[in-house]
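Inside the fold
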Amino acid sequence: MARGWRGILVSTLLVVSAGCSAQQQQQQPAALPSATADEMFIIIARAVQQELRPIVRKLESQVESLDNRLTLLDSRVTEWTTHILRSRQSEQMEELSSQLTGITSRLDSQQSQLSELNTQLNEQKSQQEETAASVNSFRAQLDIIVSQQGDQLTQTSQLATRLDSQQSQLSELKTQLNKQKTQQEETAATVNGNTERLESNVTWLENQLTKVSGLANRLDSQLESQLDELSDQLNEQKSVQNVTTVALDNHTTLIDATTSQTVTPVSQLAETMNKTAASQESIDHLASEVKQPPPPRDCSDIPVDSPSGVYLLLPSGNSKQPPVEAYCDMETVGGNWTVIQRRDDIKPHQDFFLGWGDYKEGFGNVTKEFWWGLEHLFQLTSSGRRYELRIDLEAFDGNQRYAIYQGFRISSELNGYALSASDYSGNTGDCLWYSVDSKFSTRDRDQDMIIGHCAQKHQGAWWYARRCGYSSLNGWYRDGGIQDYTGVWWYTWRGYESLKKSEMKIRPAYGYYTRRRTSQ
């Protein structure tokens, strides 16, 4: 019986839960189940009554049957008693007594059965009370479930709204991805076309370089011949100056002789003084015609056997501008290098976190740490010569590396002193490739290619490019080679490890020195 009741309750709860789950899956607006808690309680009570009704009826019918049988037995006993009294002897009375004893025992057993039935009825009554208590507890739980379902339905509605918005966003993203895919295909086609054009341009440039190389050879020969002519003219001017000096000495002697002769008329003295003045004017005129040669434009014009050191250069080639000091490296790989930057473990260290004007004109001591000047670099590399750049690096552990770029040029200030560097060779890794066509940036002039200020970030000045580039040789000097992107570093060699020494130097490229040394 208890199992039947529990089965009914469990089935009812499963039906209710199934109904709630179906409502949640359909994502209907927040609402209560179709049956309230009271109605559920009534349904459960009715189910219990319907289940107990046939059992009670069966028990009642059994009790009535027992009563009828007892009545029948009583009547039979009476009949038998009468029959015995009438027809049988005393021995039959004993048999009847034994039968009565059996009947009594049967009645006792039936009475015990009735007692068991009453006990079962009492147990069923207590089970009904327990069932009612369980129904009440289920009713409370159903109320909690209903409230939770309301919250869940509200949350489901919110989730549905968010899913709809996310679906719309996904649709927009899909549209954007399709557009980007189309643009990428167009870009790929453009890149392919540009690649073909670049290949043709490279071929044309190679032809032009061949022509320029021939012109450079002719220009070198013409310059050498012009230098020889100037040397001859200078010797002639020196000889003229010697003659003028002799004439001046003669006039001076004449003046002394005239002065010593007191008897000489005053007119002769005046004439002699006039001749002396004319001679002095002639001497001044000849001296003005004797011109000194202008300073060289770079260290490649310094004689080969000259020592390394400080020289006066005229990078602009304009004699009206004052010459500038430069350090000429006459020893490294053939010499004649014009050093344009140096960082070294020299105390006190030069401050390199400076502004645009400082990097334009140059700063520091050319025998220690310095930056030669962007304007000087532009004047040199735009003069018609093709320059090569050499970068020598040294770490604090003594390891040394170098990088060479056969094509090095700096544009004008109007173009931000943009960098051109090509034809890399060396063992440091090509870090300037990322800075090609980049403008120079300082702490007070941001000209990099990204959103942000790379010069401020790296605390230096450089041709910063994508992701601020892969090199920075003008940052803070960090002793001991610590990892710091605000220091002096070359990423393809030591990452952000701050280096002990860096030196940048330039000179004309393409065998200039081989020809020059041969001619000397």
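Shown above is the structure to which this text applies.
Note that this is a predicted model, so its numbers are computed, not measured.

**Points about unusual backbone geometry**
For the bond running from Lys-347 to Pro-348, omega is 0°, close enough to zero to count as cis. With respect to the helices and strands, the residue Pro-348 is situated in the loop between strand 3 (337–343) and helix 5 (356–361). Despite not being glycine, Val-333 shows a phi value in the positive range, around 45°. Inspection of the secondary structure assignment puts Val-333 in the loop between strand 2 (324–329) and strand 3. For Asp-437, which is not glycine, the phi torsion reads 70° and is therefore positive. Mapped onto the elements, Asp-437 comes out in the loop between strand 8 (419–426) and helix 7 (454–458). A relative accessible area of 57% means that Asp-437 is categorised as exposed.

**Overview of the state of the cysteines**
Per the stated rule, a full pass over the model turns up two disulfides. Between Cys-299 and Cys-328 runs a disulfide, and the two sulfur atoms are separated by 1.9 Å. The sign of the -75° torsion about the S-S bond sets the Cys-299-Cys-328 disulfide as left-handed. Of this pair, Cys-299 sits in the loop between helix 4 (266–289) and strand 1 (309–313) while Cys-328 sits in strand 2, and the two are 29 residues apart along the sequence. Classification of Cys-299 as buried rests on a relative accessible area of 0%.

**Some words on the side chain of Glu-394**
Here Glu-394 is to be found in strand 6 (residues 387–394). At 4.2 Å, Lys-500 is the nearest oppositely charged side chain to Glu-394, a buried residue that forms no salt bridge. Discounting residues that sit within four places of it in the chain, Glu-394 has contacts with Asn-399, Gln-400, Trp-493, Leu-499, Lys-500 and Lys-501.

Reading the values: the criteria
- Residues numbered from 1 in each chain as written.
- Predicted model: local features only at pLDDT ≥ 70, side-chain atom pairs only at ≥ 80, totals over all residues.
- Heavy atoms only, no water.
- Helix = DSSP H or I, 4+ residues; strand = E, 2+ residues; numbered from the N terminus.
- Buried < 20%, exposed > 50% of the residue type's maximum accessible area, 1.4 Å probe, protein only.
- Disulfide = S-S within 2.5 Å.
- Lys, Arg positive; Asp, Glu negative; His and termini not counted.
- Salt bridge = Lys/Arg side-chain N within 4 Å of Asp/Glu carboxyl O.
- Contact = heavy atoms within 4.5 Å.

By themselves, these observations are geometric and do not establish any function.
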